[in-house]
Structures are given as structure tokens and as C-alpha cells.
Amino acid sequence: MELKKDFFPTRSQLPKTVEIPKVHGRILIGGKIMDSGFATKPVFSPCSVRNESDDSLSFPEIGTTPQVDKETFMSAVEAASKAWSKGLGEWPSARME
């Protein structure tokens with residue numbers, strides 16, 4: 001199947017208004033936001049761009065998402081459960097700011 005070159009823009013052809021800043025995932029455990037101390041995995045845009053060098057398509061990386069171990073995951077679940085406390089805990093009664 002022949003790639004229609006004019007259908008997929010190159011990165012340099014995209015207007016600055018559609019440029020997506022990279023977002024790096026964080027985790028919340030016990031009311032503390034953590035942005036380091038864990039592995040991450042790249043997240044790619046579902047929108048293809050054409051590579052200028054060889055006209056192949058690629059999916060640009062738009063950020064990362066945390067990859068935590070079982071212990072960290074379970075501590076996050078337990079902290080969330082405690083904060084929710086069947087709808088009567090700190091989480092549902094907190095003010096939105």
C-alpha cells in the first residue's frame with residue numbers, strides 16, 4: 001500500500017498550536033504526590049507523523065506513565081481505601097481547590 005505523503009505531515013509541518021508538551025506521570029500515596037523513585041514506561045500519541053528522512057510513520061512520545069511494583073501499588077490502594085472510608089473519609093469530604 002502506497003503512503004500518501006501529503007496525508008501525514010512531518011513534525012516540522014505541524015503548527016505550534018498542536019504541539020503537545022510531554023507529561024510525566026506521578027503517583028499519589030497517602031496524600032503525597034510522588035514523581036520519582038519508580039520505573040516509567042513511555043506513552044505514545046495515537047496520531048502518526050511522517051519521518052522526513054525516510055517517509056516512514058512514527059508515533060511521537062507524549063510522556064511517561066509510572067510502572068510500580070506490587071508493594072507500591074498495594075500501598076496506594078490501601079491509602080486510597082482509607083481516605084475513601086466508605087464515602088465518609090477525608091477524600092470525599094475534602095474541599096476542591
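It should be noted that the structure appears before, not after, this text.
So, here's what we can say about the structure. All values derive from a computational prediction rather than experimental measurement.

Positioned with a positive phi, S85 is a non-glycine residue whose angle comes to about 45 degrees. Its place among the elements puts S85 in the loop between α1 (70-84) and α2 (90-93). Taking the relative accessible area as the measure of exposure, S85 reaches 35% and is therefore partly exposed. The backbone of K86 shows a phi angle near 55 degrees, a positive value even though the residue is not glycine. Along the polypeptide, K86 turns up in the loop between α1 and α2.

Scoring rules and cut-offs
Residues numbered from 1 in each chain as written. Predicted model: local features only at pLDDT ≥ 70, side-chain atom pairs only at ≥ 80, totals over all residues. Heavy atoms only, no water. Helix = DSSP H or I, 4+ residues; strand = E, 2+ residues; numbered from the N terminus. Buried < 20%, exposed > 50% of the residue type's maximum accessible area, 1.4 Å probe, protein only.

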